[in-house]
Amino acid sequence: ADAYLHHHVVFSDHKFYEREKNWWSPMKPKGANRGVSFGAGTESRGTRQAFPSPYRFTTVKGEDSLIANVHIINTRSMEARDAHKCLECPCSSEDRMLGGNDDNVTALFSAVVPRKGLENHCNSFLLAEDNTSCSPSAYFGGLYCCEDGEYCMDAFKDVPDKPEKSTYHLRYTIEYEPVSRDTKPLYLAACCDATGDVDLPGNIEYDIPQCAPGGEDEDCVHVLETTQTLHGASSDVFGTGGSRSEEDKYVEVVYMVGHLHRGGISVALYLNDTELLCESLPTYGSGEPGEIGNEPGYINSMSSCTFDPPLVLRTTEKIRVVGKYNSSEPHQGVMSLFYIAVSDMPQEPEDVRSRTHGGSVLVAMAVGLALLAAILHWRRYDKRRQYDAVDTSINIE
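Remember, predicted model here, so these are calculated numbers, not experimental data. (Residues numbered from 1 in each chain as written. Predicted model: local features only at pLDDT ≥ 70, side-chain atom pairs only at ≥ 80, totals over all residues. Heavy atoms only, no water.)

Caption draft 1: Structural context of the packing of aromatic side chains. Here the structure, examined in full by the defined rule, presents six aromatic pairs. Taking the centre distance of 6.1 Å and the plane angle of 40° together, the rings of Tyr 4 and Tyr 298 count as tilted. Taken together, the residues Tyr 4 in strand E1 (residues 3-12) and Tyr 298 in the loop between strand E14 (282-284) and strand E15 (299-302) connect sequence positions 294 residues apart. Of the two residues, Tyr 4 and Tyr 298, neither departs from the other in class, the shared state being buried. Summarising the aromatic geometry, the rings of Phe 16 and Tyr 17 are spaced 5.2 Å apart at their centres and angled 90° between planes, so their arrangement reads as edge-to-face. Judged by relative accessible area, which is 49%, Phe 16 ranks as partly exposed. Take Tyr 17: its relative accessible area is 3%, and that puts it in the buried class. Three or more aromatic residues joined by ring pairs form one cluster here, namely Phe 51, Phe 57 and Tyr 255. Note that Arg 320 overlies the ring of Tyr 270, its terminal NZ or CZ placed 4.4 Å from the centroid. (Phe/Tyr/Trp six-rings, centres within 6.5 Å; stacked < 30°, edge-to-face > 60°. Helix = DSSP H or I, 4+ residues; strand = E, 2+ residues; numbered from the N terminus. Buried < 20%, exposed > 50% of the residue type's maximum accessible area, 1.4 Å probe, protein only. Lys NZ or Arg CZ within 6 Å of the ring centre and 35° of its normal.)

Here it is as structure tokens:
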């Protein structure tokens, strides 16, 4: 393929959402008032986002335009191996200084350090394995080495007879309908990023170290897991502040979809560690090289989970996030994210309790009551069978 769509993030800068500027959601650009789309790229081309009625992302009067942050990586004239490396944004000479004779010893240029920052955003699991994405001193590839106009690989910086500049257009189909009294507005929850925890929203990206050569298949799966809350931590990787709500309240969850990069196996969410909420699986292309939308070795869609009726959760609910990648070869700048569409709801305890996971208890109670009624009915019937029949022609006074 000639180009790789790393991500597209659609957001609104309308003044109505000014108060949301400091609310966090995955991949929301710094300074954006409201995140609108799910910030995905090539991996979501075949993923249709549909929400059960009456839940909808809504606009306000005068909101006639949206802003898109589109990240496209030029892979023209590259062999598949080079293209696969390039789309993971390795740091080039434009991003780093080489130290000594070892090309692996790098120091990021001062221009890159402010992008990455010195503050830690990785959870304890990544820090324990010395994940190279967590520290500016060890960082050698990812979002912060993929700036506009930079070459992703030095080998292609001075290529003679460079092709002319190409122009790409992003087509995004959105279906609209009039807002009614029944419409329930949706917004994105702050959760989830497998690189974070209950205190950290996350680093967004991380690196996959290669498994030991000759290992079994099960040994070549990198598993990253963490625990977060639905409303997210109090600060985020881009420094834009807290989440939508820090209070403990109920919300309705109607849609979940994961985001993985090439090499991804699955990303899943669990409630209370064990109850699976959603597992989002990638579909890899199986076509011929260059077959648009079905390129071999690339993810072209992610499975999603729709809840109708909605799933009711507390904003402080602990959610376990598990991301899995094939580690038979190393990867850098990968992601294990979840985008969750939620809606506020009336905080009526009795009504809420009847619609949360306790709903299964109510079903069991209903079954129990029905069974009790049947037993009582049978006992009355059995007792009556022991009576002598009465001639209905006889008048009893």
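Caption draft 2: Molecular detail of the nonpolar core. With 46 residues, the main nonpolar core has Cys 192, Leu 230, Val 253, Met 256, Leu 269 and Ile 340 as its most contacted residues. Sorting the residues of this core by element identifies strand E9 (206-208), strand E11 (250-260), strand E12 (264-271), strand E13 (275-280), E15, strand E16 (304-314), strand E17 (318-326) and strand E19 (336-344) as the ones contributing at least two each. Per element, the largest residue contribution to this core is seven residues, and it comes from E11. One finds Tyr 4, Ile 73, Met 78 and Leu 87 within the second-largest nonpolar core, a separate group that totals 11 residues. (Core = buried A, V, L, I, M, F, W, Y, C linked by side-chain atoms within 4.5 Å.)

Caption draft 3: Spatial organisation of the state of the cysteines. Taken as a whole, this structure holds seven disulfides when the rule is applied. With a sulfur-sulfur separation of 2.1 Å, Cys 211 is cross-linked through a disulfide to Cys 220. Since a negative S-S torsion denotes a left-handed disulfide, the Cys 211-Cys 220 link at about 70° is right-handed. On the basis of relative accessible area, Cys 211 is assigned to the buried category, the value being 12%. For Cys 220, a relative accessible area of 10% translates into the label buried. Here Cys 278 is linked by a disulfide to Cys 305, with a sulfur-sulfur distance of 2.1 Å. Residues Cys 278 and Cys 305 are joined by a disulfide whose S-S torsion is about 90°; by sign, that bridge is right-handed. Of this pair, Cys 278 sits in strand E13 while Cys 305 is found in strand E16, placing the two residues 27 residues apart along the sequence. (Disulfide = S-S within 2.5 Å.)

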